[in-house]
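Take a look at the letters that make up each chain.
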Amino acid sequence: MARSRRRVALSFLFSFKGLASTIAVVGCFFVTCSFLLNVHVGSSSPTDHEVLGLKQYERNDGRHPLSLASNALRAQLKETVRSVVEYQGLVLMHGSIARKLKLENSKLVRNFAEISINFTDLIKKASHCDVSDSNTALVHRFLKEAKEKVKFAKQLISNSKGSFDSQLKIQKLKDKIFGLEEQMTKMKTKGEFAKSIAAKAIPRNLHCLALRLMQERIENPIRYIHKQTKSRQPLQEFEDSNLYHYAIFSDNVLAASVVVNSVVQNAKEPWKHVLHIVIERTTLAAMKVMFKLKDHNGTHIEVKAVEDYKFLNSSYVPVLRQQESAELLGYYYGHGLENSTTDSSNLKFRNPKYLSMLNHLRFYLPEMYPKLNKILFLDDDVVVQKDLTGLWEFDMDGKVNGAVETCFGSFHRYDKYLKFDHPLIKETFDPKACAWAYGMNIFDLDAWRRDNCTEKYHYWQELNGNRTLWRLGTLPPGLITFYSTTKPLDKSWHVLGLGYNPGLSEEKIQNAAVIHYNGDSKPWLATAIPRYQPLWTKYVDYDLEFFRACNFAP
């Protein structure tokens, strides 16, 4: 009789198998979320019956259907079903995340869906299992199948860890970023090298201009014979210390003409200004023709070649003497491409222009112009925007060099330009001393002669024959030569950065007396910063025949 009642109860239980399966799936999802996130709903853990999703089928007397089986088999079945429920929750969650992440591996999504369906079927089978002593073989087959499915689910989740592990994803992303940064550094170095080559190259139209001017000089020699050439004596204006004298050293005909035009057009009394232009012999004739083509409102312009200054020879000038060194020539000319692409600093340091005498003429101004008291030095990549006569009235306080300082914070201090690991540099100079800019400098030539600055320059240049004191150009020896003899100018006199910094203040540029295109983006090159080009092109003589013939366009 009791056996009959038990069969009726089981029959009643399994007649609602669909409802039991649905409730079990919903129950397993919440159990799994609690398991993964360590969230406890309420104040107590779920019972075994709740885990199995079968609580609603408890008998009125408190006995559960699984109690009909032996204790060992019942415990095993209970644990297996618990695992199935837990891993189905994990599989469902992983599958949901995989769909949300839109993972490229669609096979992984399908696998999660299939194993989830398998787990649903297993839960249904658990509802149909007759755990009586006569059906132990069926129960064991069920347990074996369930364990295999759970094992497969474990393996699937383990293999897909890389798709869900945030730490692993972060590490992979870091590795990818590192690789991209390395590629970017290499490309940046190559780009800097290409830009550096472009900055040193002579554009076709600029080369054309020099050739056209040279042709004009050859075809019309009488027209361009200067009265100074006839007398072989310098004109009185060129030595008159009561006038305003400028020194411009350049082999770029176009750039020099822009500097001259900007000086003349902004001078209140241009006939009181004298511009001394020094150029290499090969471009001398073209430069002379350039300044004979138009009237400059009475401004006096002297054009000479470096070779005209006979005292500039290797017995007197250390740089010329050092140029005879095979080691130095190898440093500047040997393996330039290879070294530059592997070390971006070489793009600056291995520039042969630093051997040019035009760059070192600035250290010989008192000897080049012995009858002058003051002279204003201008680079060929500047534009003058205001009358500069106030610089000759500037009180130098007995200093030699008037220049705009460039330091701010820890930047542009002496330790940036000089090698303070050398004991002589370390003992002589303050590493935190403020650097200043070449490009627009007012020099008191009388104070220069008094302090023997040229001799100081020779001393340090001789010591630096093997580049142990500094590596770059003429600014470091200038900082050394005029150390403690430089008077700071107001920064509005000279604004720098138009050759590399596109973010300069418009107000600062408009208020500047001189703007300087220092950097690789020279205004006559295709790499010029577009924002600043009109400030330079407004002084180009586009209306001249030679400019039109060489395709110069405003």
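Everything below is about the structure printed above this text.
What this report covers is the structure whose coordinates are included nearby. The residue numbers shown here count from 1 along each chain, following its written sequence. Local features in this predicted model are restricted to residues whose pLDDT is 70 or higher, and side-chain atom pairs enter the listing and the counts only when it is 80 or higher, whereas totals over whole chains, interfaces and linings include all residues. Based on all heavy atoms of the structure, the side-chain values leave hydrogens and waters out of the count.

1. A few points about the packing of aromatic side chains
Moving on, step 1. Ring pairs shown here join Phe, Tyr and Trp side chains whose ring centres sit within 6.5 Å, with only the six-membered ring taken for Trp; geometry is labelled stacked below 30 degrees between planes, edge-to-face above 60, and tilted in between. Counted under the stated rule, the structure contains 24 aromatic pairs.
Moving on, step 2. Centre to centre, the rings of Phe363 and Tyr438 are 6.4 Å apart; their planes meet at 85°, and the pair counts as edge-to-face. With a gap of 75 residues between them, Phe363 in the loop between helix 17 (357-360) and helix 18 (365-368) and Tyr438 in the loop between helix 20 (423-428) and strand 7 (440-444) connect regions that are remote in the sequence.
Moving on, step 3. You can call Phe363 buried: its relative accessible area is 0%.
Moving on, step 4. For the ring pair Phe429 and Trp460, a centre distance of 5.3 Å and an interplane angle of 55° mean the geometry is tilted. Linking Phe429 in the loop between helix 20 and strand 7 with Trp460 in helix 22 (residues 453-463), this pair joins segments that are 31 residues apart in sequence.
Moving on, step 5. Any Lys NZ or Arg CZ that is within 6 Å of a ring centre and within 35 degrees of that ring's normal is treated as a charge sitting over the ring. Over the face of the ring belonging to Tyr309 we find Lys304, whose NZ or CZ atom lies 4.5 Å from the ring centre.
Moving on, step 6. Across the ring face of Tyr438, the terminal group of Arg362 is positioned such that the distance to the ring centre comes to 4.6 Å. A run of DSSP states H or I qualifies as a helix once it reaches four residues; a run of E qualifies as a strand once it reaches two. Both are numbered from the N-terminal end. Any residue under 20% of the maximum accessible area for its type is buried, any over 50% is exposed, and the rest in between are partly exposed; the area is computed with a 1.4 Å probe on protein chains only.

2. Digging into the state of the cysteines
Moving on, step 1. Defined by distance alone, a disulfide is two cysteine sulfur atoms within 2.5 Å. Under the definition given, this model contains two disulfides.
Moving on, step 2. Between the sulfur atoms of Cys208 and its disulfide mate Cys550 the distance is 2.1 Å. Linking Cys208 and Cys550, the disulfide has an S-S dihedral of approximately -75° and is accordingly described as left-handed. Note that Cys208 is positioned in helix 9 (residues 204-219) and Cys550 in the segment after helix 26 (545-549), a separation of 342 residues in sequence.
Moving on, step 3. Each disulfide pairs two cysteine sulfurs, and for Cys407 the partner residue is Cys434, the sulfurs being separated by 1.8 Å. When the S-S torsion is -100°, as for the bridge of Cys407 with Cys434, the disulfide is left-handed. Taken as a pair, Cys407 in the loop between strand 6 (401-403) and helix 19 (414-417) and Cys434 in the loop between helix 20 and strand 7 lie far apart in primary sequence, 27 residues in all.

3. What to know about the sheet that holds strand 10 (residues 514-516)
Moving on, step 1. We treat two strands as partners when DSSP finds at least two bridges between them. Reading across from one edge, 5-10-9 is the order of the three strands in this open sheet, with mixed pairing throughout. In this open sheet, the two strands that pair with only one neighbour each are strand 5 (382-384) and strand 9 (494-495).

4. Re the sheet that holds strand 8 (residues 486-488)
Moving on, step 1. Strands sit in the order 3-2-1-4-7-6-8 across an open sheet of seven strands; the sheet is mixed. Of all strands in the sheet, those bounded by a partner on one side alone are strand 3 (300-305) and strand 8. The sheet shows a mean angle of 25° between the axes of neighbouring strands, taken without regard to direction.
Moving on, step 2. In this sheet, strand 7 lies alongside strand 6 in antiparallel orientation, the contact comprising two bridges. Its bridge partner lying in strand 7, Gly402 is registered against Ile442. To get an axis, fit a line to the C-alpha atoms, keeping to the stretch in contact for a helix; angles then go from 0 to 180 degrees between the N-to-C directions.

5. Description of the pattern of salt bridges
Between side chains of opposite charge, pairing is possible as soon as their charged atoms come close.
Moving on, step 1. Any carboxyl oxygen of Asp or Glu within 4 Å of a side-chain nitrogen of Lys or Arg constitutes a salt bridge here. By the definition in use, this model includes 13 salt bridges.
Moving on, step 2. When the shortest N-O distance is used, the salt bridge between Arg281 and Asp308 registers 3.0 Å. With Arg281 in the loop between strand 2 (273-279) and helix 12 (284-290) and Asp308 in the loop between strand 3 and helix 13 (318-322), this pair connects stretches of sequence that are 27 residues apart.
Moving on, step 3. Two residues, Asp379 and Arg362, come together in a salt bridge whose shortest N-O distance is 3.8 Å. Of the two residues, Asp379 is situated in the loop between strand 4 (374-378) and strand 5 and Arg362 in the loop between helix 17 and helix 18; the sequence distance between them amounts to 17 residues.
Moving on, step 4. By relative accessible area, which is 15% here, Asp379 ends up buried.
Moving on, step 5. On the basis of relative accessible area, Arg362 is assigned to the buried category, the value being 5%.

6. Structural notes on the side chain of Thr299
Moving on, step 1. Structurally, Thr299 is set in the loop between helix 12 and strand 3.
Moving on, step 2. Judged by relative accessible area, which is 11%, Thr299 ranks as buried.
Moving on, step 3. Looking at Thr299, its side chain comes within polar contact range of the main-chain oxygen of Pro270, at 3.1 Å.
Moving on, step 4. Any pair of N or O atoms that falls within 3.5 Å is considered a polar contact. Within protein, one atom must be able to donate a hydrogen and the other to accept it, and sequence-neighbouring residues count only if both atoms are side-chain atoms. Side-chain polar atoms of Thr299 contact the backbone oxygen of His296, separated by 2.9 Å.
Moving on, step 5. By the convention used here, residues are in contact when the closest approach between their heavy atoms is within 4.5 Å. In this structure Thr299 touches Val264, Pro270, Trp271, His273 and Leu275, once residues within four positions along its chain are discounted.

7. Things to note about the nonpolar core
The nonpolar side chains of a soluble globular protein tend to be buried with one another.
Moving on, step 1. By size, the foremost hydrophobic cluster in this structure holds 64 residues, and its most contacted members are Leu209, Tyr246, Leu254, Leu376, Leu378 and Leu388.
Moving on, step 2. With nine residues, helix 11 (residues 253-266) is the largest single contributor of residues to this core.
Moving on, step 3. Non-local contacts of Leu378, meaning those with residues more than four positions away in its chain, are made with Tyr246, Ala247, Ile248, Phe249, Val259, Val263, Val384, Gly439 and Met440.
Moving on, step 4. If you look at the next biggest cluster of nonpolar residues, it comprises 43 residues, including Tyr417, Ile425, Ala433 and Trp436. The set of buried Ala, Val, Leu, Ile, Met, Phe, Trp, Tyr and Cys residues whose side-chain atoms join them within 4.5 Å is what this entry labels a nonpolar core.

8. Observations regarding the pairing of strand 2
Moving on, step 1. Counted residue by residue, strand 2 has seven buried out of seven residues, so it is predominantly covered.
Moving on, step 2. The alternating pattern of strand 2 places His273, Leu275, Ile277 and Ile279 on one face and Val274, His276 and Val278 on the opposite face, and all of these are buried.
Moving on, step 3. Direction of pairing for strand 1 (residues 244-249) relative to strand 2: parallel, over a ladder of six bridges. The residue bridging Tyr244 from the neighbouring strand is His273, located in strand 2.
Moving on, step 4. In this region the chain leaves strand 1, passes through helix 11 and returns to the parallel neighbour strand 2; the handedness of that crossover is right-handed.
Moving on, step 5. Examined bridge by bridge, strand 2 and strand 3 share six bridges and lie parallel to one another. Clockwise travel from the first strand over the helix to the second, with the strands pointing away from the viewer, marks a crossover as right-handed.

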